[in-house]
Amino acid sequence: MSDTEVASHRAAVDRLLAAPFAEREDREGEEWSGPGFRLAALTESQDFWEVHDPDVVDAAERRIEAALDALAAALTTAWGGTPTTVELWPYRECDLPDPAAPGPLGFLAGVASELRVWQPSADRWLGLTVGQSDPALPFRLLAMVGAGTLPEPPSV
């Protein structure tokens, strides 16, 4: 991943951290916002509707994971410390007022297995992950900013 791409992703993260949260849920393009959160796709691979070669799919996933690693390294250098890795499966039932409409952590738990989390300020946390909603859809580098600290998963 080029320095220019890392800088672009870093600028997107800085914008997400600085932006106010929406008062009610709203989706615009590759960004979803609501009370206490912002979620955005920073980059994505091709889709796989017509691709039947597992090597192509694996290469695309590795490229997006490399983008995650490069951005994570840049953030860790800038903020110090290392991110906490959080398993997402416990959040599958998180903030689900209606099982057909999962909240942002429930959405992430449905498309990814873990989240790298930083606490760059006392009032906001940042999580990065690679997600894929369906085997025919692209891999996406996803960034989520939340208010306060990452909420504990619901007890099961």
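Position numbers for residues count from 1 along each chain, tracking the sequence in the order it is written. Confidence filtering applies because this is a predicted model: local features only for residues at pLDDT of at least 70, side-chain atom pairs given and counted only at 80 or more, and all residues used for totals across whole chains, interfaces and linings. Side-chain numbers come from the whole structure's heavy atoms, not from hydrogens or water.

**A short note on the overall build of the protein**
Within the protein, the secondary structure is distributed over 3 helices and 7 strands. For a compact globule of 156 residues, the expected C-alpha radius of gyration is about 15 Å, and the protein comes in at 15 Å, within 12% of that figure. Summarising its shape, the C-alpha atoms of the protein cover approximately 40 × 40 × 30 Å along the three principal directions. Summary of the burial criterion: residues with accessible area below 20% of their type's maximum are buried, those above 50% are exposed, and those between are partly exposed, where the area comes from a 1.4 Å probe applied to protein chains only. For the protein, the residues scored as buried account for 39% of the 156 residues in total. Areas reported here follow the Shrake-Rupley algorithm with a probe of radius 1.4 Å; residue values treat only the protein chains shown as occluding. Taken as a whole, the protein presents about 8600 Å² of accessible surface, with 51% of it coming from carbon and sulfur. Of the charged side chains in the protein, 11 are positive and 26 negative; the average position of the first set lies 5 Å away from that of the second. We count a stretch as a helix when DSSP gives it H or I for four or more residues in a row; a strand needs E for two or more, and each element gets its number in order from the N terminus. Only C-alpha atoms enter the radius of gyration; for comparison, a globular chain is expected to reach 2.2 Å times N to the power 0.38, where N is the number of residues. Under the counting rule used here, the positive set is Lys and Arg, the negative set is Asp and Glu, and His together with the chain ends is not counted. Charge positions come from single atoms, namely NZ of Lys, CZ of Arg, CG of Asp or CD of Glu.

**Thoughts on the environment of R15**
As for its position among the elements, R15 is in helix α1 (residues 3-18). Classification of R15 as partly exposed rests on a relative accessible area of 44%.

**Describing the sheet that holds strand β4 (residues 84-87)**
Sheet architecture is open: 7 strands sit in the order β1-β2-β3-β7-β6-β5-β4, paired in antiparallel fashion. Unpaired on one side and paired on the other, β1 (26-28) and β4 mark the two borders of the sheet. Strand-to-strand twist across the sheet, computed as the mean angle between neighbouring axes with direction ignored, equals 20°. Relative to strand β3 (residues 37-44), α1 is tilted by about 170°, and along the sheet it contacts β2 (31-34), β3, β5 (114-121), β6 (124-131) and β7 (140-147). Any two residues having at least one pair of non-hydrogen atoms within 4.5 Å are treated as being in contact. Every axis in this analysis is a line fitted to C-alpha atoms, fitted for helices over the stretch in contact. Angles between the N-to-C directions lie between 0 and 180 degrees. Its contacts with the sheet place helix α2 (residues 54-79) against β3, β5, β6 and β7, and it is angled at close to 160° to β6. Strands are treated as partners if at least two bridges between them are detected by DSSP.

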